[in-house]
Amino acid sequence: MSEEIKNNENLEEEFGILTLTDEEDGTESKFELIETYQADDGSIYYALAPVNEDGSEAEEYVILKVEEEENGDVSLCTIEDDDEYERIADVFDDLLFSEIDYDAE
């Protein structure tokens, strides 16, 4: 799934809801940006929660990597490398769920 967003350095500040278009089949889906993470190597990742047709958020989220193209355009892409994905998923799990106290009544 990829969506080109032209010349925007601060996507997380400008967008709350993103409409992403799958390049393979043209399907559009809406997502809410819930968290960003910049790795030590400068790579930027977004955690996005799908927005249901009724406007409610789903309980799961997807992780996409921000990639800048040679012409300066920015796109959000799936993470192809399994090790990279697992590492970033662990970071987002810590960021998103570290404050939940499962023992609280």
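Residues numbered from 1 in each chain as written. Predicted model: local features only at pLDDT ≥ 70, side-chain atom pairs only at ≥ 80, totals over all residues. Heavy atoms only, no water.

## Side note on the side chain of E84
Working step 1: Turning to its location among the elements, E84 is positioned in helix 2 (residues 82-97).
Working step 2: Under the relative-accessibility criterion, E84 is labelled buried at 14%.
Working step 3: Looking at E84, its side chain comes within polar contact range of the side chain of Y45, at 2.5 Å.
Working step 4: Non-local contacts of E84, meaning those with residues more than four positions away in its chain, are made with Y45, K65 and I79. (Helix = DSSP H or I, 4+ residues; strand = E, 2+ residues; numbered from the N terminus. Buried < 20%, exposed > 50% of the residue type's maximum accessible area, 1.4 Å probe, protein only. Polar contact = N/O pair within 3.5 Å; in protein donor to acceptor, adjacent residues only side chain to side chain. Contact = heavy atoms within 4.5 Å.)

## So, the packing of aromatic side chains
Working step 1: Taken as a whole, this structure holds three aromatic pairs when the rule is applied.
Working step 2: When the centroid spacing of 6.5 Å and the interplanar angle of 25° are considered together, the rings of Y37 and Y45 count as stacked.
Working step 3: On the accessibility criterion, Y37 (25% relative accessible area) is partly exposed.
Working step 4: Overall, the relative accessible area of 0% leaves Y45 in the buried class.
Working step 5: Each ring, one from Y61 and one from F97, has its centre 6.3 Å from the other, and the planes form 40°; the classification is tilted. One end of the pair, Y61, is in the loop between strand 4 (44-50) and strand 5 (62-68); the other, F97, is in helix 2, with 36 residues separating them in the sequence.
Working step 6: Among the aromatic residues, ring-to-ring pairing joins Y37, Y45 and F92 into one connected group. (Phe/Tyr/Trp six-rings, centres within 6.5 Å; stacked < 30°, edge-to-face > 60°.)

## Quick word on the nonpolar core
Working step 1: Core analysis: the largest hydrophobic core is formed by ten residues, namely L18, L20, F31, L33, Y46, L48, L64, V66, V74 and L76.
Working step 2: Only strand 2 (17-21), strand 3 (28-38), strand 4, strand 5 and strand 6 (74-77) provide two or more residues apiece to this core. (Core = buried A, V, L, I, M, F, W, Y, C linked by side-chain atoms within 4.5 Å.)

## So, a negative patch on the surface
Working step 1: Taken together, the side chains of E23, E24, D25, E67, E68, E69 and E70 define an acidic patch exposed on the protein surface.
Working step 2: Looking at the element boundaries, E68 is found in strand 5.
Working step 3: Taking the relative accessible area as the measure of exposure, E68 reaches 63% and is therefore exposed. (Patch = residues over 30% accessible without salt bridge, like charges linked within 9 Å, V, L, I, M, F, W, Y side chains within 5 Å. Areas by Shrake-Rupley, 256 points an atom, 1.4 Å probe, with all protein chains shown as cover. Salt bridge = Lys/Arg side-chain N within 4 Å of Asp/Glu carboxyl O. Lys, Arg positive; Asp, Glu negative; His and termini not counted. Charge placed at Lys NZ, Arg CZ, Asp CG, Glu CD.)

## Side note on helix 2
Working step 1: Between its terminal C-alpha atoms helix 2 stretches 22 Å, which fits the 22 Å expected from 16 residues at 1.5 Å a residue.
Working step 2: Every buried residue of helix 2 is listed here: E84, I88, A89 and F92. The buried residues of helix 2 occupy one face: seen down the axis, they fall within an arc of 125°. Counted as exposed and oriented over 90 degrees from the buried face of helix 2: D82, D83 and D94.
Working step 3: Against strand 3, strand 4 and strand 5 lie the buried residues of helix 2. (Expected span 1.5 Å × (residues − 1). Arc of directions from axis to C-beta.)

## So, the pairing of strand 2
Working step 1: Every second residue of strand 2 is oriented toward a common face, the buried set being L18 and L20 and the non-buried set I17, T19 and T21.
Working step 2: Pairing geometry for strand 2 and strand 3, over five bridges, is antiparallel. The residue of strand 3 that forms the bridge with L18 is F31.
Working step 3: Between strand 2 and strand 3, which pair antiparallel in sequence order, lie six residues; one of them, G26, sits at a positive phi of approximately 75°. (Pairing = 2+ DSSP bridges.)

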